[in-house]
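# Tertiary structure, described
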Amino acid sequence: MSTPAEDEVWMRKALREAEAAAADGEVPVGAIIVHKGRILGRGRNQRETLHDPTAHAEMIAITAAAGELESWRLLDCTLYVTLEPCAMCAGAIVLARIPRLVFGASDPKAGACGSVLDITRHERLNHRVEPEGGVLGEECGHMLSEFFRKRRAAVED
């Protein structure tokens, strides 16, 4: 288990992935998967770039980490992501057996880790994830708000 200070260090690395997504014109969400103090997988939103509705930061990070471990079971891993995962990503997190999820900003419209739904702790599923939200939440939320503010301003011009 990481300390709050360590969680912030890892979340800052996820924020760098989000910044890279924004630089590519993607919604700025970034994710990393950490195993025993080492980053196994990185991801950032690439839906527009890849023309793929499933190319969320979490999905890309999970695929990279599974390849690195040569296992679909991401036991003893922690996923850090700048935005609360959606239903698709929360389901993938459960299926990958990731025991711990740390996210920044909550998503009141599509969050599936406690905001709208809670797939990560659903009692009927055979694996549960321990989600922890709000780590650098204000910073993560501000990045998203600024991205969409700029996008709306560009459309109005």
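Read on for a plain summary of the structure. (Residues numbered from 1 in each chain as written. Predicted model: local features only at pLDDT ≥ 70, side-chain atom pairs only at ≥ 80, totals over all residues. Heavy atoms only, no water.)

## Concerning the packing of helix α3 (residues 57-69) against helix α4 (residues 87-95)
Put simply, the test is: Angles shown run from 0 to 180 degrees and are taken between the N-to-C directions of axes, each axis being a line fitted to C-alpha atoms and, for helices, limited to the stretch in contact. Helix and strand definitions follow DSSP, with helices as H or I runs of at least four residues and strands as E runs of at least two, each counted in order from the N terminus. Note on angle classes: values under 35 degrees are labelled roughly parallel, values over 145 roughly antiparallel, values of 65 to 115 roughly perpendicular, and the remainder oblique. Here a crossing is called left-handed whenever its near helix is offset anticlockwise from the far helix by less than a right angle, and right-handed whenever the offset is clockwise. Contacts are assigned to residue pairs that have any heavy atoms within 4.5 Å of one another. Each residue gets one of three labels, nonpolar for Ala, Val, Leu, Ile, Met, Phe, Trp, Tyr, Cys and Pro, charged for Asp, Glu, Lys and Arg, and polar for the others, Gly among them.
Contact geometry of α3 with α4 gives a least axis separation of 9 Å together with a crossing angle of 20°. As the angle between them shows, α3 and α4 are arranged roughly parallel. The handedness of the crossing between α3 and α4 comes out as left-handed. Residues E58, M59 and I62 of α3 form the contact with α4, whose own contacting residues are M88, C89, A92 and I93. Residue composition of the contact of α3 with α4, grouped by class: six nonpolar, no polar and one charged.

## With respect to unusual backbone geometry
When glycine is set aside, most residues are seen to have a negative phi, and most peptide bonds are trans. Here is the rule: Each residue gets one of three labels from its accessible area relative to the maximum for its type: buried under 20%, exposed over 50%, partly exposed in between, using a 1.4 Å probe on protein chains only.
With a phi close to 50°, K36 is a non-glycine residue in the positive phi region. Within the element layout of this structure, K36 appears in the loop between β1 (30-35) and β2 (38-44). K36 gets classed as exposed once you look at its relative accessible area, which sits at 70%. The phi torsion at E70 lies on the positive side, around 55°, for a residue other than glycine. Residue placement: E70 occurs in the loop between α3 and β3 (77-83).

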